[in-house]
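# Analysis of the macromolecular model
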Amino acid sequence: MSIQRPQGVQDFLPRQTAEWQYVENEIRALCQSCGYEEIRTPVFEATELFRRGVGATTDIVNKEMFTFEDKNGRSLTLRPEGTAAVARAYAENKLYGQTPPWKLYYIGPMFRYEKPQAGRFHQFHQFGVEALGTGDPLADAEIVWLAWTLGEKLGLRGLSLRLNSVGCPVCRRNYHAALTAFLQPRAPELCADCRVRLEKNPLRVLDCKKEPCQATTAAAPELPDYLCPDCREHFAAVRSYLAATDTPYQLDSRLVRGLDYYCKTAFEIIAPGLGAQNAICGGGRYDGLMEELGGPPTPGVGFALGLERLLGALAEQNVSLPLSGPPRYVLAALGAEARRRAVRLAAELRAAGFTVLMDLQGQSLKSQLKFADRKGAAFTFICGENELERGVVAARDMRTGEQREIPLPELARALKDLR
Ligand code: HAM
């Protein structure tokens, strides 16, 4: 087999998908407990949505999008994130006509053309949450609490929650001016990317992970010192609600996030042991996004959590998820007529809610028992022509090897007792 999967994407095999499903079930239960409902948006959107939503000066839009033309020459992009798409769906489906807030969540693949490395993929999966139509700081706190609680619920240790306020356009304008005045004379010390960022969006320079840039910006003015009274009050309220729910956070005045739509609250959750790609979750408030996309003014707040990184952190910490499924049963049929009767019996038992496997290779009884063993069956029901003639199956307990006959009409009831 010479064809291999493209760079930066992964196969998830059944052992892994069992873990994914477990995590997804926990996510759904947690979202439901807070009244978030699932939204599913397309995997690709008009390129313009991300250019305007995420921001033309961001790395995501400048370097990382999988963009292609359809047969009519329209520019489309595989979604690099979910927030802009949810905002588009909200406006397009006129959800604003109904009682706010809209509390939505999604789980699905996202695509970014970043250099593949541990924890960084071309196709990855996000669990995202968005609360639209509310500027209440309690919504910010609920969102942060939800992200934090998921990590705790799954048994992750050593997580840290970084929190900042990036202000509104008014206070950011003042901060931009101060930051630019600080950075301009130091421009030669910055990397080439940051020199461009300094011209286009100086805030982004604070986000650079390169050592010389971090050293240069260490003494830069701090954004929280430039917050207007409204943003200051909002931030204080978010913090007080987080304290009320015992959600531990660290203030991080350099946290600016890599997407343009943020205002006020910004946060990230960092997991230990994941190397450079240690942010498992990021989010914040984005009150101007909807208008930027041509929709009605609608405040919003949300986050997205990278599922590969979350599962990577669970593996790193040897957290064993309780994955046991329902018991499995194998019907071992011997002979052509017995197979026909057994396949009918399997259908009846499956309809009654049991997990029933059959040998699909016409093997000997010995091999079928081996098969049952490998599949972790609790019982094998041996359906030889002789047994079926007498209206029974031989039930073999796969742990003890004990065997007893069960009359066919009693089988479903007997299985309920075995459960
Ligand atoms: P983001 O910080 O760009 O935010 O991504 C959120 C999370 O997605 C990251 O913390 C990381 O776990 C995961 N992630 C990002 N890129 C990759 C990659 N190449 N490979 C693996 N995992 C990755 C957003 O996407 C915003 N839409 C979050 C948001 C929602 N803000 C408000 N609402």
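So, here is what we can say about the structure in this document. (Residues numbered from 1 in each chain as written. Predicted model: local features only at pLDDT ≥ 70, side-chain atom pairs only at ≥ 80, totals over all residues. Heavy atoms only, no water.)

### Quick notes on the sheet that holds strand β16 (residues 403-407)
Backbone hydrogen bonds are what pair the strands of a sheet, in a parallel or an antiparallel way. Our working definition: Two strands pair under a simple rule: DSSP has to find at least two bridges between them. The helix count covers DSSP runs of H or I at least four residues long, the strand count covers runs of E at least two residues long, and both are numbered beginning at the N terminus. Angles here are taken between N-to-C directions and fall from 0 to 180 degrees, while the axes themselves are lines fitted to C-alpha atoms, restricted in helices to the stretch in contact.
Read from one edge of the open sheet, five strands run β13-β12-β14-β15-β16, paired in mixed fashion. Where the open sheet ends on each side, the last strands, each with one partner, are β13 (355-358) and β16. Strand after strand, the sheet turns through a mean of 30° between neighbouring axes, direction not considered. Here five bridges tie strand β15 (residues 392-397) to β16, and the two strands are oriented antiparallel to one another. Paired with A394 across the bridge in β16 is E405.

### Here we look at the pairing of strand β4 (residues 75-78)
Where strand β2 (residues 44-46) meets β4, three bridges bridge the pair, whose relative direction is antiparallel. Bridged to A46 within β4 is L76. Pairing of strand β3 (residues 66-69) with β4, which is carried by four bridges, proceeds in the antiparallel orientation. Bridged to F66 within β4 is L78. Linking two consecutive strands that pair antiparallel, namely β3 and β4, is a turn of five residues; a positive phi of about 80° is found at G73 within it.

### What to know about the pairing of strand β7 (residues 160-165)
The condition is simple: Partly exposed describes any residue whose relative accessible area lies between the buried limit of under 20% and the exposed limit of over 50%, with all areas from a 1.4 Å probe on protein chains only and scaled to the type maximum.
With respect to burial, β7 is a largely interior element, five of its six residues being buried. Relative to strand β9 (residues 263-270), β7 runs antiparallel, the two sharing six bridges. For S160, the partnering residue across the bridge sits in β9 and is I270. When β7 meets strand β8 (residues 250-251), the two strands line up parallel, connected through two bridges. Paired with L163 across the bridge in β8 is L251.

### Topic: the pattern of salt bridges
Here is the rule: We define a salt bridge as a side-chain nitrogen of Lys or Arg found within 4 Å of a carboxyl oxygen belonging to Asp or Glu.
With the rule as written, the count across this model stands at 23 salt bridges. A salt bridge links R74 to D70, with the shortest nitrogen-to-oxygen separation between them at 3.0 Å. According to the relative accessible area criterion, D70 is partly exposed, its value standing at 22%.

### Observations concerning helix α12 (residues 336-351)
This is how the line gets drawn: Here the expected length of a helix is defined as 1.5 Å per residue gap, with one fewer gap than residues. Throughout, the arc means the angular range of directions from the helix axis out to the C-beta atoms.
If you check α12, its first and last C-alpha atoms are 23 Å apart, about what 16 residues at 1.5 Å a residue would give, namely 22 Å. Listed in full, the buried residues belonging to α12 are A338, A342, L345, A346 and L349. Each buried residue of α12 lies within a common arc of 110° when the element is viewed along its axis, so the set occupies one face. Turned more than 90 degrees from where α12 packs its buried face, A336, R340, R344 and A351 sit exposed. In the stretch just after α12, G353 is the one whose phi turns positive, near 100°.

### Let's talk about the environment of D140
So the rule is basically this: Contact definition: two residues touch when any of their heavy atoms are within 4.5 Å.
Its place among the elements puts D140 in helix α5 (residues 137-153). What makes D140 buried here is its relative accessible area of 0%. Put simply, D140 and Y241 are 101 residues apart on the chain and 9.1 Å apart in space, counted from C-alpha to C-alpha. For D140, the residues in contact, after removing those within four places along its chain, are H234, V238, T265, R285 and V301.

### Structural notes on the side chain of K264
Rules: The definition of a polar contact used here is a pair of N or O atoms within 3.5 Å, where within protein one atom must be able to donate a hydrogen and the other to accept one, and adjacent residues in sequence count solely through side-chain atom pairs.
When you line up the elements, K264 lands in strand β9. A polar contact is formed between the side chain of K264 and the side chain of D230, at a distance of 3.5 Å. Each residue touching K264, except ones within four places of it in the same chain, is listed here: N164, S165, V166, G167, D230, C231, H234, R285 and D287.

### Some details on unusual backbone geometry
The linkage connecting P100 with the following residue, P101, adopts the cis geometry, with an omega of 0°. Along the chain, P101 turns up in the loop between α4 (83-92) and β5 (102-111). The residue K94 is not glycine, and still its phi comes out positive at about 50°. Mapped onto the elements of the fold, K94 is located in the loop between α4 and β5. Look at K94 and you get exposed, because its relative accessible area is 52%.

### Remarks on the site of the ligand
Quick note on the threshold: Consider each residue's heavy atoms; a residue with any of them within 4 Å of a molecule or strand counts as near. Every accessible area reported is derived by Shrake-Rupley at a probe size of 1.4 Å, with residue values counting cover from the shown protein chains alone. Residues are grouped as follows: Ala, Val, Leu, Ile, Met, Phe, Trp, Tyr, Cys and Pro are nonpolar; Asp, Glu, Lys and Arg are charged; every other residue, Gly included, is polar.
Around the ligand sit 26 residues in total, of which E81, T83, E114, E130 and Y262 are the nearest. Between the ligand and I280 there is a distance of 3.1 Å, counted from an oxygen atom to a backbone nitrogen or oxygen. Protein contact buries 96% of the 650 Å² of open area that the ligand shows by itself. Counting only elements with at least two residues in the shell around the ligand, the list comes to β6 (123-132), β10 (279-285) and β11 (300-306). For the shell around the ligand, the leading source of residues is β10, giving six residues. Within the shell around the ligand, the residues separate by chemical class into 11 nonpolar, eight polar and seven charged.

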